[in-house]
Amino acid sequence: MNRDAPDANAAAERRDGQLERRLAGEVVLITGFPGFRAQALVKLLSEREPEIELWLVVPPTELEAAARALAATPLRAEQLRLIPGEPCAIDLGLSRQSYAELRQKVDRWFALYQTTDSRAARELCFRVNLGSAREIAELSKVAESLSHVTFLSNSLVFGDHQGEVSEEELSVGQTFRSPAAHSLALAEALLRRGLSDIPLSVVRTPQVLGAPGQPASARASGLHRLLATVGGAPAEALTLPPGASRSVQALPADFVAEALYAVSVLGTRGHTYHFADPEPPSLAEVLEQAATHFGKRFEQGFDARALGRILLNGPGLWLSQQSSRALAEWADGPRLLTRGGDRLLERSGLRVPSLLSYLDAVLLETEELRRTQGLEERHAVAPFEVVA
């Protein structure tokens, strides 16, 4: 169904620049909960759409965490349904009866069950990304009232490509740095081939960080590891890493939730929407703010005495395997052209937040991850362990 309503209608149903009450009476399916991106979306929907039913397909191992996360929502218990399942398994890992209920009753689907973890094993990446895309395609073929699927993707699908990429593009001659990127691109391609059956819109963003005030994610990003490198450096005077002039693209989960909601309500079937910071900060700006937070500083000018101090106190700050890998994760990627996304933001009264405006919250999250050893690499064995 084409949900691209006229601008006047959208404006008439906004209050203080916010979309709201557009999904009354609908059954809304979310996969990817209780991942932090899906938690931000559930929080938004529970505040803006008080008359919806939320159905969440959740891996059995995550049901307790999911129930705790839902306890804070203003929705009544009868509006919330936790369904044990596995979004990347055949029939979502559901019983025949539960799958039939989804087929008959789900009106809208937010598909947030993906991995962008560059450190995840190939088998898990392909199982999660391609498996969940396959299930979107299969349920869409038989669903009786499904009007829209909003699929969250990532700029990683463009692999090592440099330069501008439009919302219509996917294959640009790229190669891939990680199985997560490769499998996510294949998942998008699979869904594109099924557009005659799938009422799909795709949302592409750069890396997503936890929302300010939201409990820390169980999984650290490359940016957290870079910030932790600054915080844990033995010296007070530090050197900037190579390529510090590169831009740092990231979006907070609460803004991504707003964008997903806007696309679901106002987006057009078959379209892809890019969202990105139009004026991203440089890596140097990010690291300098981090240094101030941790009581350190970066040397701006170098003389022989300053260089000697740096080499003595922190000779390998950016040369360790962890630091080098974190830098590589945040290397210059493609520049997402955001024409369609920008139009939706304007209609929705939204603005992309600057990373520097909420970096203090990311730094606090980094400190918590350091304290709980959340920055250490873990060997994931279950699919949800690599879902953000």
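Thresholds, definitions, all that
Residues numbered from 1 in each chain as written. Predicted model: local features only at pLDDT ≥ 70, side-chain atom pairs only at ≥ 80, totals over all residues. Heavy atoms only, no water. Buried < 20%, exposed > 50% of the residue type's maximum accessible area, 1.4 Å probe, protein only. Helix = DSSP H or I, 4+ residues; strand = E, 2+ residues; numbered from the N terminus. Contact = heavy atoms within 4.5 Å. Axes fitted to C-alpha atoms, helices over the stretch in contact; angles between N-to-C directions. Parallel < 35°, antiparallel > 145°, perpendicular 65-115°, else oblique. Left-handed = near helix turned anticlockwise from the far one by under 90°. Nonpolar A, V, L, I, M, F, W, Y, C, P; charged D, E, K, R; others polar. Phe/Tyr/Trp six-rings, centres within 6.5 Å; stacked < 30°, edge-to-face > 60°.

Asks: For this particular structure, what's the right way to read helix 4 (residues 96-105)?
Replies: Side chains three or four residues apart in an α-helix point the same way, a direct result of the helix having 3.6 residues per turn. Those residues of helix 4 that fall on the buried side of the exposure criterion are Ser98, Tyr99, Ala100, Glu101 and Leu102. The elements touched by buried residues of helix 4 are strand 3 (27-31), strand 4 (53-58), strand 5 (80-84) and helix 5 (122-142).

Asks: What's the story with the packing of helix 2 (residues 36-48) against helix 8 (residues 253-266) in this structure? I'm lost.
Replies: Packed helix pairs are characterised by how far apart their axes lie and by the angle those axes make with each other. Contact geometry for helix 2 and helix 8: axes closest at 8 Å, N-to-C directions at 60°. Overall, the two elements helix 2 and helix 8 adopt an arrangement that is oblique. Crossing angle aside, the handedness with which helix 2 passes helix 8 is right-handed. Residues Phe36, Arg37, Ala40, Leu41, Leu44, Leu45 and Arg48 of helix 2 form the contact with helix 8, whose participating residues are Ala253, Asp254, Ala257, Glu258, Leu260 and Tyr261. Here the contact of helix 2 with helix 8 is built from residues that sort into nine nonpolar, no polar and four charged.

Asks: Can you help me understand the packing of aromatic side chains in this one?
Replies: Within a pair of aromatic rings, the relevant descriptors are the distance that separates the centres and the angle that separates the planes. If you walk through the whole model with that rule in mind, you get two aromatic pairs. Geometrically, the ring pair formed by Tyr113 and Phe384 is tilted, given 6.5 Å between the ring centres and 40° between the ring planes. With a gap of 271 residues between them, Tyr113 in the loop between strand 6 (108-111) and helix 5 and Phe384 in the segment after helix 13 (355-371) connect regions that are remote in the sequence. Taken as a pair, Tyr113 and Phe384 share a single burial class, namely buried. On the numbers, 6.4 Å between centres and 75° between planes, the contact of Phe255 with Phe275 is edge-to-face.

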